[in-house]
Amino acid sequence: MAQRVRAVIEPAVLTTFQQELLAWYAAEGRDLPWRRTSDPYAILVSEIMLQQTQVRTVVPYYERFLARFPTLAALAAAPLAEVKAITDPLGYKARGERLKRIAETAMERYGGTLPRSEEELLALPGIGRYTAGAIRSFAFREDAPILDTNVLRLLVRVFAPPRAGGGAALLRRLWALAEAVIPPGQGHVFNQALMDFGAQVCTARKPICLFCPLRPICARWSSTGPTVRYAPVPPA
Ligand code: SF4
């Protein structure tokens, strides 16, 4: 695994970022079915379905899937054709196979549960750092970072991490930022706030900068220079 870095954000900037996002989320956050559960399996299903697919499109498929396959054991035992009959119409047809493979492996290794540690989650087939972070954060309530496209765009705009060293180095800084912005003990809510803010305010094409509560600290608008230091994390 490539060496990770730690991001140290100027305290006043960090506090404003956290408080403004949490206040915005309390008023504007989306009510989604997978946010009403802490079942790791249901979170897994939602995250795999949300890849490359709009939230609105996923909701009925998610509900149908869990009604038909309510547990990892039910999914592992089901014929692949039945799984794909629900997931294929969503597009990106590898989804059904992927979910079934994860379920079968989780049955073999963990008796039908999902593990909690990042290391064990990453060792399951088809689970990357983002999905592992989502399961740890939304199901197990750990302060694990997540970095989907909405979060990534928001962090790039607000903190303007340096691009020196190429794409891999930038990605490491972004993961470090995603970790550093989480208020201790509030990762599951804060990560949802990051995702929703990126999807609804700091959007790809038309960010609503004029009314954005983060504008006073956003690097897009500020001339005060970098507010973050990056330091290598020594190997464990
Ligand atoms: S000011 Fe604009 S670019 Fe900065 S976080 Fe807000 S919406 Fe995004």
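Owing to the predicted nature of the structure, the values given are computational and were not obtained by experimental measurement.

**Some remarks on the site of the ligand**
Lining the immediate environment of the ligand, one finds 14 residues, of which Cys-202, Pro-207, Cys-209, Cys-212 and Cys-218 sit closest. Residue composition of the shell around the ligand, grouped by class: 11 nonpolar, no polar and 3 charged.

**Digging into the domain arrangement of the chain**
We note that the domain assignment places domain 1 (5–30 + 144–232) and domain 2 (39–139) within the chain. Here domain 1 and domain 2 have C-alpha centroids that lie 27 Å from each other. With 8 residues of domain 1 at the contact, the number on the domain 2 side is 7 residues. Residue classes in the side of domain 1 that touches domain 2 are distributed as 4 nonpolar, 3 polar and 1 charged.

**Examining the nonpolar core**
Counting residues in hydrophobic clusters, the biggest one holds 62 residues, and the most contacted among them are Val-45, Ile-135, Leu-155 and Leu-177. Two domains share this core, each providing at least three of its residues, namely domain 1 (5–30 + 144–232) and domain 2 (39–139).

**A closer look at the packing of helix H2 (residues 40–50) against helix H6 (residues 94–110)**
Two elements in contact, H2 and H6, have axes whose closest approach is 10 Å; the angle formed by their N-to-C orientations is 155°. Here H2 is positioned roughly antiparallel relative to H6, judged by the angle of their axes. Where H2 crosses over H6, the two elements pack in a sense that is right-handed. Facing Leu-44, Val-45, Ile-48 and Met-49 of H2, the residues of H6 in contact are Arg-95, Arg-98, Leu-99 and Ile-102.

**Focus on unusual backbone geometry**
The phi torsion at Gln-52 lies on the positive side, around 60°, for a residue other than glycine. Examined against the element boundaries, Gln-52 turns out to sit in the loop between H2 and helix H3 (55–68). Phi is positive for Ala-160, which is not a glycine, with a value near 40°. Summarising the element assignment, Ala-160 is placed in the loop between helix H9 (149–159) and helix H10 (167–180). Assessed through the 16 C-beta atoms surrounding it within 10 Å, Ala-160 is described here as partly exposed.

Rules and cut-offs
Residues numbered from 1 in each chain as written. Predicted model: local features only at pLDDT ≥ 70, side-chain atom pairs only at ≥ 80, totals over all residues. Near = placed C-beta within 6 Å. Nonpolar A, V, L, I, M, F, W, Y, C, P; charged D, E, K, R; others polar. Domains from an automatic or database assignment. Contact = placed C-beta atoms within 7 Å. Core = buried A, V, L, I, M, F, W, Y, C linked by C-beta atoms within 7 Å. Buried ≥ 20, exposed ≤ 12 C-beta atoms within 10 Å, placed from the backbone. Axes fitted to C-alpha atoms, helices over the stretch in contact; angles between N-to-C directions. Helix = DSSP H or I, 4+ residues; strand = E, 2+ residues; numbered from the N terminus. Parallel < 35°, antiparallel > 145°, perpendicular 65-115°, else oblique. Left-handed = near helix turned anticlockwise from the far one by under 90°.

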